[in-house]
Amino acid sequence: MKFAEHLGAHITPEWRKQYIQYELLKEKIYAAQEEAPSPDAVDDDHVQRFLANFEERFFLQCDKELAKINTFFSEKLAESHRKFSTLKNELGAFEEHDHRSESLRKRKLSTVVRRSLDTTGDQTKVRNMHHLKLAFSEFYLSLILLQNYQQLNFTGFRKILKKHDKLMSTSKGGEWKAAHVDPAHFNTNKDIDRLIQETENVFTTKLEAGNRQKAMKRLRVPPLGDQETPWTTFRLGLFSGIFIVLLISLILSAIFVDVPAEWWPALRMYRGALLVIVFCFLLGSNTYGWRSSGVNHVLIFELDPRDNLNHQQLLEVATFFMMIWCISVLCFIYGDLIHIKSQLQPLLLLLFMIAFLFNPFRILYHSSRWWLLRIIWKIISAPFHHVSFADFWLADQLNSLGTILLDLQYLICFYAVNFSWQTLGTGKDLQYEHDSCMSQIYGIRPIISCLPAWWRFAQCLRRYRDTRLAFPHLVNAGKYSTTFFVVIFSSLHQWQSSSKGLPVGEHTGYFYMWIIACLLSSCYTYTWDIKMDWGLLDKNAGENRFLREEVVYAYKTYYYFAMIEDLILRLMWITSLTIGERQLVHQDILVTVLAFLEVIRRFIWNFFRLENEHLNNCGQFRAVRDISVAPMSTNDLSLLQQMMDEVDGVQHRRKNRLKNKSGKQLKKTETKVWLMEALEKTS
């Protein structure tokens with residue numbers, strides 16, 4: 001591998017501009033070689049003046065690169081020293097707090113108080129210990145990145161100066177290296193090696209009780225280059241090949257085999273699973289694009305850099321479930337031949353996918369599956385949790401996957417209401433009653449349609465509560481609130497049209513309100529996509545007209561295409577007015593096409609949303625997660641007292657109020673005095 005490719009594969013993306021500009025220096029050398037006058041055409045003095053002029057400009061550029069690298073290295077080194085000192089202080093405070101907690105447990109307190117302290121103390125100890133380990137492992141990763149920064153830049157200077165001497169037939173490059181690069185601060189300083197060694201020792205002795213093997217397993221840093229597992233590649237190829245064969249068989253079967261006349265229930269029940277699978281496949285493509293362009297999605301999502309799914313593994317999961325989906329559909333078509341009732345196949349597929357997701361055993365990407373479940377739980381329970389980027393990013397994805405929730409509701413309703421379980425073992429064809437699961441009467445489907453928008457709406461309110469910034473959070477909440485009006489007017493129009501028996505082409509007043517709501521929502525969301533989520537239309541874009549000052553992807557055409565594509569797909573609801581209302585195409589086919597187009601729109605949206613977030617991290621040179629577990633200091637005691645004086649200052653205070661010896665609950669002032677005395681005795 002050429003060094004330029006090696007450098008591009010191993011740099012820290014957020015520090016990209018702080019590395020040696022190897023390609024720029026190489027281009028200067030090649031340009032000088034081509035522009036150099038031929039000794040046969042001019043005299044030697046002219047050639048020497050040209051070379052002297054080039055070397056002056058070349059080494060001036062090298063000086064700038066060296067100064068930039070030294071400055072950045074010194075800043076990151078000082079930051080590492082401060083961080084290590086802070087972590088050691090936090091570790092010492094944790095040990096001191098743990099010692100005090102042990103002393104307090106040994107005192108002769110009441111049984112209720114002692115039991116409460118034992119429970120909360122143990123939970124706090126485990127939580128703080130976990131956060132300390134996480135903080136040290138992230139700090140260790142930052143040291144490895146900085147050490148890698150040293151090595152790559154030194155190698156870059158050595159390679160480019162060697163190339164200079166070879167092509168220019170001189171030794172001045174080697175002399176400049178010996179005079180400037182070898183004694184440079186970033187090359188001679190060994191503090192990073194010492195910090196790495198000290199971190200390993202502290203982590204081993206203090207956090208892993210001297211077990212170095214366990215400590216180094218936790219501190220292990222994955223290869224900084226692109227690593228692809230051969231077995232994952234093999235499985236990906238195997239599943240892809242099987243899927244292609246099954247897909248061809250499925251297409252031929254759909255053409256030449258009699259499909260049940262009422263096929264639309266199966267379409268609704270299979271569509272949601274296929275949307276999830278396609279989304280997973282496209283997410284794998286997103287991951288590959290981010291990694292190839294240097295967008296650090298691992299940092300943005302705050303994933304564990306030692307344990308996360310790469311693009312190959314995501315594609316492997318997607319192709320595996322594509323294979324399972326095709327098998328299930330073929331079983332639906334050939335249900336009579338395999339003696340398994342056709343209408344049971346969608347249910348079996350759903351149960352299989354749920355079993356895979358909730359599998360408790362530490363196999364099949366256990367950590368990634370439980371990370372996903374935790375994020376989903378935080379989304380569903382919004383706004384009762386702090387909102388991170390991964391939370392609202394996944395909630396945005398769910399807004400594009402709303403059809404899945406509706407199809408899941410239909411599947412549950414179908415097997416609970418419409419499906420005839422009495423004929424399951426009789427050998428007769430399965431019959432089901434009139435399809436009532438698509439009805440708007442009880443308002444279930446409109447509520448489900450609003451759920452993704454509600455989750456993001458609640459997250460925006462939570463972010464406003466945490467930051468007190470009306471812009472952008474309340475304005476963003478307003479964007480998601482437009483979905484509520486779209487769903488309400490659409491549902492009212494459908495309900496009134498069906499109840500009055502209106503003919504095709506005749507509309508109610510709610511129909512026009514629905515159009516206004518859709519138009520408002522499309523304009524609102526599209527403007528937010530372009531300006532806020534993607535950061536485009538920047539007035540300081542310079543030569544990147546209508547874009548932003550800095551872009552990551554190679555061609556500006558990508559951005560202009562995405563801006564037009566996003567607008568077109570945001571307005572695809574117009575087809576529901578023209579084709580859908582006139583019933584020119586079956587409603588389920590139209591919904592299916594629009595659902596997949598929305599998934600594709602979100603797939604393209606993801607590239608530029610992550611790019612914008614990545615550039616924000618680049619501006620701060622943030623390459624690892626910032627994790628701190630600083631305990632409450634004695635200076636915060638006044639804040640604790642103030643919280644106790646407020647009515648709602650301390651959660652669960654009414655349920656867990658302390659009791660005195662006679663069994664009566666302590667008053668607020670008595671509780672405060674008791675806490676003060678306990679703190680003074682243990683200090």
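Note that the coordinates shown come from a computational prediction; the quantities given were computed from them, not determined experimentally.

Overview of the overall build of the protein chain
For step 1, the next point in the chain: Helices and strands together make up the secondary structure of the protein chain, namely 25 helices and zero strands.
For step 2, the next point in the chain: Looking at the protein chain as a whole, 45% of its 683 residues are labelled buried.
For step 3, the next point in the chain: For the protein chain, contacts bridging at least 24 residues in sequence account for 74% of all contacts bridging at least 6.
For step 4, the next point in the chain: Only carbon and sulfur atoms are counted for the fraction: they give 60% of the accessible area of the protein chain, which is about 37700 Å².

Brief notes about the packing of aromatic side chains
For step 1, the next point in the chain: For the structure on display, the rule yields 39 aromatic pairs.
For step 2, the next point in the chain: An angle of 15° between the planes, with centres 5.7 Å apart, marks the rings of Phe-84 and Phe-139 as stacked. One end of the pair, Phe-84, is in helix 3 (residues 44-106); the other, Phe-139, is in helix 4 (residues 111-168), with 55 residues separating them in the sequence.
For step 3, the next point in the chain: Here Phe-84 falls in the buried class, since its relative accessible area comes to 4%.
For step 4, the next point in the chain: Note on Phe-320 and Phe-321: the rings are 5.3 Å apart at their centroids and 80° apart in plane angle, and the pair reads as edge-to-face.

As for the nonpolar core
For step 1, the next point in the chain: Counting residues in hydrophobic clusters, the biggest one holds 65 residues, and the most contacted among them are Trp-290, Phe-301, Trp-325, Trp-393, Trp-534, Phe-608 and Leu-610.
For step 2, the next point in the chain: Looking at which element gives the most residues to this core, the answer is helix 12 (residues 311-333), with 13 residues.
For step 3, the next point in the chain: Filtering out sequence-adjacent residues up to four positions away, Phe-608 remains in contact with Asp-533, Trp-534, Arg-548, Tyr-553, Tyr-558, Tyr-559 and Ala-562.

Notes on a nonpolar patch on the surface
For step 1, the next point in the chain: Residues Ile-244, Leu-247, Ile-248, Ile-251, Leu-252, Ile-255 and Phe-256 make up a contiguous nonpolar surface patch of roughly 700 Å² in combined accessible area.
For step 2, the next point in the chain: Looking at the secondary structure, you find Leu-252 in helix 9 (residues 230-256).

Some words on the environment of Lys-378
For step 1, the next point in the chain: Locating Lys-378 in the fold gives a position in helix 15 (residues 366-380).
For step 2, the next point in the chain: With a relative accessible area of 25%, Lys-378 lands in the partly exposed category.
For step 3, the next point in the chain: Spatially, the C-alpha atom of Lys-378 lies 7.1 Å from that of Asp-391, the residues being 13 residues apart in sequence.
For step 4, the next point in the chain: Sequence-distant contacts of Lys-378, defined by excluding residues within four places in its chain, comprise His-385, His-386, Ser-388 and Asp-391.
For step 5, the next point in the chain: Only 3.0 Å separates the side chain of Lys-378 from the side chain of Asp-391, close enough to count as a polar contact.

Here's the deal with unusual backbone geometry
For step 1, the next point in the chain: A cis geometry characterises the amide bond from Ala-382 onward to Pro-383, with omega recorded as 10°.
For step 2, the next point in the chain: Of note, Pro-383 is situated in the loop between helix 15 and helix 16 (389-400).
For step 3, the next point in the chain: Put simply, Phe-471 and Pro-472 share a cis peptide bond, and its omega is 15°.
For step 4, the next point in the chain: With respect to the helices and strands, the residue Pro-472 is situated in helix 19 (residues 470-500).
For step 5, the next point in the chain: One non-glycine residue, Glu-302, adopts positive backbone phi at about 55°.
For step 6, the next point in the chain: In this structure, Glu-302 sits in the loop between helix 11 (297-300) and helix 12.

Points about a positive patch on the surface
For step 1, the next point in the chain: Among the surface-exposed residues, Arg-158, Lys-159, Lys-162 and Lys-166 lie close enough to one another that they form a single positively charged patch.
For step 2, the next point in the chain: What makes Lys-159 partly exposed here is its relative accessible area of 36%.

A closer look at helix 20 (residues 509-533)
For step 1, the next point in the chain: Across its 25 residues, helix 20 extends 35 Å between first and last C-alpha, which sits within 8% of the 36 Å expected from 1.5 Å per residue.
For step 2, the next point in the chain: Regarding helix 20, the residues found buried are Phe-511, Trp-514, Ala-517, Cys-518, Ser-521, Ser-522, Thr-525, Tyr-526, Trp-528, Asp-529, Ile-530 and Asp-533.
For step 3, the next point in the chain: Of the residues trailing helix 20, Gly-535 is marked for its positive phi of about 70°.

Notes on the environment of Met-563
For step 1, the next point in the chain: Checked against the element boundaries, Met-563 lands in helix 21 (residues 556-570).
For step 2, the next point in the chain: In this structure, the C-alpha to C-alpha distance between Met-563 and Ile-604, residues 41 residues apart in sequence, is 10.0 Å.
For step 3, the next point in the chain: Setting aside its immediate chain neighbours within four residues, Met-563 contacts Tyr-526, Ile-530, Trp-534, Leu-536, Leu-537, Phe-546 and Leu-547.

Some points on the side chain of Ser-522
For step 1, the next point in the chain: Mapped onto the elements of the fold, Ser-522 is located in helix 20.
For step 2, the next point in the chain: Those residues within four positions of Ser-522 in sequence are excluded, and the remaining contacts are Arg-570, Leu-571 and Trp-573.

A short note on the pattern of salt bridges
For step 1, the next point in the chain: In this structure the tally under the stated criterion is 24 salt bridges.
For step 2, the next point in the chain: Note that Glu-23 and Lys-26 form a salt bridge whose closest N and O atoms lie 3.7 Å from each other. With Glu-23 and Lys-26 both in helix 2 (residues 22-35) and three residues apart, the pair spans about one turn of that helix.
For step 3, the next point in the chain: In this structure, Arg-465 and Asp-466 form a salt bridge, with 3.3 Å as the shortest nitrogen-oxygen distance.
For step 4, the next point in the chain: Using a relative accessible area of 35% as the deciding quantity, one classes Asp-466 as partly exposed.

Thoughts on the packing of helix 10 (residues 264-293) against helix 12
For step 1, the next point in the chain: At a minimum axis separation of 8 Å, helix 10 and helix 12 run at an interaxial angle of 160°. Relative to helix 12, helix 10 is oriented roughly antiparallel. In this structure, helix 10 meets helix 12 at a crossing whose hand is left-handed.
For step 2, the next point in the chain: For the contact of helix 10 with helix 12, the per-class residue count stands at 18 nonpolar, six polar and one charged.

A word on the state of the cysteines
For step 1, the next point in the chain: This structure, assessed with the given rule, holds one disulfide.
For step 2, the next point in the chain: With its sulfur 2.1 Å from that of its partner, Cys-413 forms a disulfide with Cys-437. Sign of the S-S torsion, about -85° for the bond between Cys-413 and Cys-437, identifies this disulfide as left-handed. Taken as a pair, Cys-413 in helix 17 (residues 402-418) and Cys-437 in the loop between helix 17 and helix 18 (444-467) lie far apart in primary sequence, 24 residues in all.
For step 3, the next point in the chain: Residue Cys-413 is classed as buried on the basis of its relative accessible area, which comes to 16%.

Calculation notes
- Residues numbered from 1 in each chain as written.
- Predicted model: local features only at pLDDT ≥ 70, side-chain atom pairs only at ≥ 80, totals over all residues.
- Heavy atoms only, no water.
- Helix = DSSP H or I, 4+ residues; strand = E, 2+ residues; numbered from the N terminus.
- Buried < 20%, exposed > 50% of the residue type's maximum accessible area, 1.4 Å probe, protein only.
- Contact = heavy atoms within 4.5 Å.
- Areas by Shrake-Rupley, 256 points an atom, 1.4 Å probe, with all protein chains shown as cover.
- Phe/Tyr/Trp six-rings, centres within 6.5 Å; stacked < 30°, edge-to-face > 60°.
- Core = buried A, V, L, I, M, F, W, Y, C linked by side-chain atoms within 4.5 Å.
- Patch = residues over 30% accessible without salt bridge, like charges linked within 9 Å, V, L, I, M, F, W, Y side chains within 5 Å.
- Salt bridge = Lys/Arg side-chain N within 4 Å of Asp/Glu carboxyl O.
- Polar contact = N/O pair within 3.5 Å; in protein donor to acceptor, adjacent residues only side chain to side chain.
- Lys, Arg positive; Asp, Glu negative; His and termini not counted.
- Charge placed at Lys NZ, Arg CZ, Asp CG, Glu CD.
- Expected span 1.5 Å × (residues − 1).
- Axes fitted to C-alpha atoms, helices over the stretch in contact; angles between N-to-C directions.
- Parallel < 35°, antiparallel > 145°, perpendicular 65-115°, else oblique.
- Left-handed = near helix turned anticlockwise from the far one by under 90°.
- Nonpolar A, V, L, I, M, F, W, Y, C, P; charged D, E, K, R; others polar.
- Disulfide = S-S within 2.5 Å.

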